[in-house]
Each structure stands twice: as C-alpha cells, then as structure tokens.
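Listed below are the residues making up each chain.
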Amino acid sequence: MQKGPFVLERSGLLQLLQALKAKGYLTLGPTVREGAIVYDELGRLEDLPTGYTDHQEGGTYRLRRRGDEALFGYNVGPHSWKRFLHPPILRLFRARKINGSFDFEPETETVPKYAFIGVRACELQAIRVQDQVFLGGPYQDPHYKARREQAFIVAVNCTQAGHTCFCTSVQSGPKAQAGFDLALTEVLEGDRHYFVGEVGSEQGAEVLGEISHRAALPSEVAQAEARVTQAALQMGRSLATEGLKEMLYQNLEHPRWEQVAARCLSCGNCTQVCPTCFCTSVEDHTDLSGVAERTRRWDSCFTADFSYLHGGSVRVSTKSRYRQWLTHKLATWQDQFGLLGCVGCGRCITWCPVGIDLTEEVAAMRGAHV
C-alpha cells in the first residue's frame, strides 16, 4: 500500500476515472442538471461541476459561478449515495398464476460495481450509519450488502462549508477519516490545480498504482490541510450534542413541537434528502393476466399511512410526525443503532420548503438563545 500522502495533477483524475472503468466500475459523481448538483454517471472530467459552487440556506438552494475552475468547489446537493446503495424502488419478487397455483420468480438482479467519486466526509459517515442499519444486526439486507461490498469510494475533503452545514458538531467532517479507498483534497494554488491524497485500502493502492502520481511535498500537504481547516471554521450551523438524547426524552411535550408543527407541511422532503433515513413500505400489485409483483419503495414517517396499524394511524398530527422524526434521528437512533442518525450535512434544512432548522429546534428546547 502507498505510504504517505501523494499528489495527483488534474489530468490524473481523468486517469483515475479511466482506470476504474477498465476494472468494470460504473463511475458515479457530481454533475450539474436542472439547476442543481446531482450524482450521475461520469464519463469525462467535463461532466464534473467545473467552476460551480452552491449557496444554501433554510429553504434555499442556488448554483453560482466561482472565480476559478474548481471541480469540487460546492457542498452537497439533493442527492445522496443512499439512492445507489438503497434504491428508491426495488422489486423483490414476481409471481405468475399457472393452473390455479402461483409460480414464484425470485428477483435475480444484476448489481453494478459502483465507484463513487467525490464522497464528502459527512456522506462517508452516512454510509457508515446505513451499514449499521442494514448490516449491523443478525438480519442483513442482501440487496444493500451486494451493492456495498462492491463499492469503490473516492472521498473528496471539503475545502468550504455551506450555510447549513454543521458536520463538525457531530464529528463527521470536513475531513474524511476512514471508510474510503482513496481520499483527495483539491488545491488551486496560482496556476496550479492538483489533488493531495491518501490511500485507505488495498483496492485503493492497486488503482493508484495504475495512474500517474508522486509523493506529496510538505508544502503541498500544508496547503491541503489549510483548506480543510478553513472549511471547519466556516460552519453555518452548530448542534450541541452533549446530553442530547436525554434532553429530547425529557421534552416530549415541549411547546416547541406545536410551534414547528404550525409551519411543517408534512411533505417528507427532509426524509427523502437525508442520507441516513431508511424507511420503506412494501407494495403488492396484481394485473389481470395473473402476474403479481412485490416492490419495496422509500417511504417517510411524515406520511399518514406509514404509521398505520389496525384501526388507523398512530401519528395523525403533524406534531407527532415531526417529533417522531427528530427524536428518532437524534435520540432513539442512538439506543437502536449505537450512534447518531444525523451527520450534519444540512440537507434537511436546505430542502425544507419552509426552512425548518433542526439545530434551531434543538436549541429552542434547550432554552438557548437562537
């Protein structure tokens, strides 16, 4: 394995894409589409969001041009890597009625080998959280496992923070610490454009050995570290985590729940953009020819049907749904999985149509000035 930090020139990133493709990986990463930076297939460097950044606030997302040619000079958009590891819609099986009985056809999908390019530190933590959810117990999700085992991850450390970011509060960024095959920090220094990287796995070392690179100079490492430190100082939000679980449990009837419910639309945007939310529903469909299918699709704790038991929904009010989401994310998740369900990416704040801010709600219940 490569020892110590290395340097890739800008052209080396193209070689990295080509090397991964040659190994049979479907290379996925950030690209600009319909006014947002989303994750899709990358075929060339020009597919990356060159020269773009984003402005985010509560209920606000706008792309803006930078004054340079940075490839990763943005924060995070509406997509997360969850959509590839835990697909929004997945067919589980199909059955056909033949001579009065059903013939079941198990789903035999071909799972692609994914290479994720540009994974942020908070997103690495989100993948770790979902690993715990889907693989950490005695009952593992075979669909998630098949995708996860083949995934190759190229992390990119953040060199700027967004107005809704608070990853430092939950120790999930801005620098990737583990869970990657290769990690890069983008540096634009005068006329130079390069990446300082480190290897995180044997697979990463193998791929790196096939592309042009060299050992990083101390001055180059210092430039990369300075940019990550700058991002850590730019956090737009903060979340006090000490005693957080206990505080929420003690405030289940706090008046703040009613106040936030008066604003909340129960649209579920926060759960759909969240990189760790994993709720699903199972649906059965039958057509007139006798073919039945069972599918699994993303759901949200903000929908009335999600909490339906015999006799009706157990969470009929917006207050109860928001309280369920926030207390699960920040409190009961710790009891259930041993870690926070929030990684501080700020997506739920940015993509909430009315700009509800979970850090603000927590601070209000603590009695702090917001």
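As a reminder, the structure under discussion sits directly above these lines.
Thresholds, definitions, all that
Residues numbered from 1 in each chain as written. Predicted model: local features only at pLDDT ≥ 70, side-chain atom pairs only at ≥ 80, totals over all residues. Heavy atoms only, no water. Pairing = 2+ DSSP bridges. Helix = DSSP H or I, 4+ residues; strand = E, 2+ residues; numbered from the N terminus. Contact = heavy atoms within 4.5 Å. Axes fitted to C-alpha atoms, helices over the stretch in contact; angles between N-to-C directions. Parallel < 35°, antiparallel > 145°, perpendicular 65-115°, else oblique. Left-handed = near helix turned anticlockwise from the far one by under 90°. Nonpolar A, V, L, I, M, F, W, Y, C, P; charged D, E, K, R; others polar. Core = buried A, V, L, I, M, F, W, Y, C linked by side-chain atoms within 4.5 Å. Buried < 20%, exposed > 50% of the residue type's maximum accessible area, 1.4 Å probe, protein only. Phe/Tyr/Trp six-rings, centres within 6.5 Å; stacked < 30°, edge-to-face > 60°. Lys NZ or Arg CZ within 6 Å of the ring centre and 35° of its normal. Lys, Arg positive; Asp, Glu negative; His and termini not counted. Salt bridge = Lys/Arg side-chain N within 4 Å of Asp/Glu carboxyl O. Polar contact = N/O pair within 3.5 Å; in protein donor to acceptor, adjacent residues only side chain to side chain. Expected span 1.5 Å × (residues − 1). Arc of directions from axis to C-beta.

### Here's the deal with the sheet that holds strand 12 (residues 214-215)
Spatially, 8 strands are ordered 3-2-8-9-10-11-1-12 in an open sheet, and the strand pairing comes out mixed. The sheet is open, and its two edges are formed by strand 3 (36-41) and strand 12, each paired on a single side. Relative to strand 9 (residues 152-156), strand 8 (residues 114-119) is paired through 4 bridges, and the arrangement is parallel. Each residue of the ladder has a partner; that of Ile117, found in strand 9, is Val154. Strand contacts of helix 6 (residues 218-232): strand 1 (6-9), strand 10 (182-189), strand 11 (192-199) and strand 12, with the helix running at about 95° to strand 10, the strand carrying the most contacts.

### A word on the packing of helix 3 (residues 121-135) against helix 4 (residues 142-150)
Packing of helix 3 against helix 4 brings their axes to within 10 Å, and their N-to-C directions diverge by 140°. Here helix 3 is positioned oblique relative to helix 4, judged by the angle of their axes. Crossing hand, helix 3 versus helix 4: left-handed. Only Tyr144, Lys145 and Arg148 of helix 4 make contact with helix 3, whose side of the interface consists of Ile127, Gln130, Asp131, Phe134 and Leu135. The class makeup of the residues in the contact of helix 3 with helix 4 is 4 nonpolar, 1 polar and 3 charged.

### Here we look at the packing of helix 10 (residues 318-337) against helix 12 (residues 358-366)
Remark: helix 10 packs on helix 12, axes separated minimally by 12 Å, with the N-to-C direction vectors making an angle of 90°. Classed by the angle they form, the pair helix 10 and helix 12 counts as roughly perpendicular. When helix 10 is examined against helix 12, the residues Tyr322, Trp325, Leu326 and Leu330 are found in contact with a partner set consisting of Leu358, Glu361, Val362 and Met365. Of the residues belonging to the contact of helix 10 with helix 12, the class tally is 7 nonpolar, no polar and 1 charged.

### Thoughts on the nonpolar core
Core analysis: the biggest nonpolar cluster contains 34 residues, and Trp81, Phe84, Phe116, Leu124, Ile153, Phe180 and Trp333 have the highest contact counts within it. With 8 residues, the top contributor of residues to this core is helix 3. Residue contacts for Trp81: discarding those within four places in its chain leaves Leu28, Gly29, Tyr39, Phe116, Ile117, Gly118, Val119, Glu123 and Ile127. In terms of nonpolar packing, the next biggest core, distinct from the first, is built from 31 residues, Ile37, Leu45, Ala115 and Leu184 among them.

### Focus: the environment of Ala364
By the secondary structure assignment, Ala364 is in helix 12. Looking at Ala364, the relative accessible area reads 18%, which means it is buried. The spacing of Ala364 and Pro255 is 109 residues in sequence and 10.0 Å in space, taken between C-alpha atoms.

### Points about the packing of aromatic side chains
What the rule picks out here adds up to 19 aromatic pairs. Residue placement shows Arg65 over the ring face of Tyr52; its charged tip is 4.0 Å from the ring centre. Here Arg192 stacks its cationic end above the ring of Tyr194, 3.9 Å away from the centre of that ring.

### Focus: the side chain of Asp299
One can find Asp299 in the loop between strand 14 (291-298) and strand 15 (308-309). No salt bridge is formed by the buried Asp299; its nearest oppositely charged neighbour, Arg297, is found at 8.2 Å. Reaching out from Asp299, the side chain makes a polar contact with the side chain of Thr303 at a distance of 3.1 Å.

### A look at helix 1 (residues 10-22)
Over its 13 residues, helix 1 extends 19 Å from the first C-alpha to the last, a length consistent with the 18 Å expected when each residue adds 1.5 Å. Here helix 1 has its buried residues at Gly12, Leu13, Leu16, Leu17, Ala19 and Leu20. For helix 1, the arc enclosing every buried residue in end-on projection is 165°, short of the 170-degree limit, so these residues lie on one face. Two residues or fewer past helix 1, Gly24 is found with a positive phi of approximately 90°.

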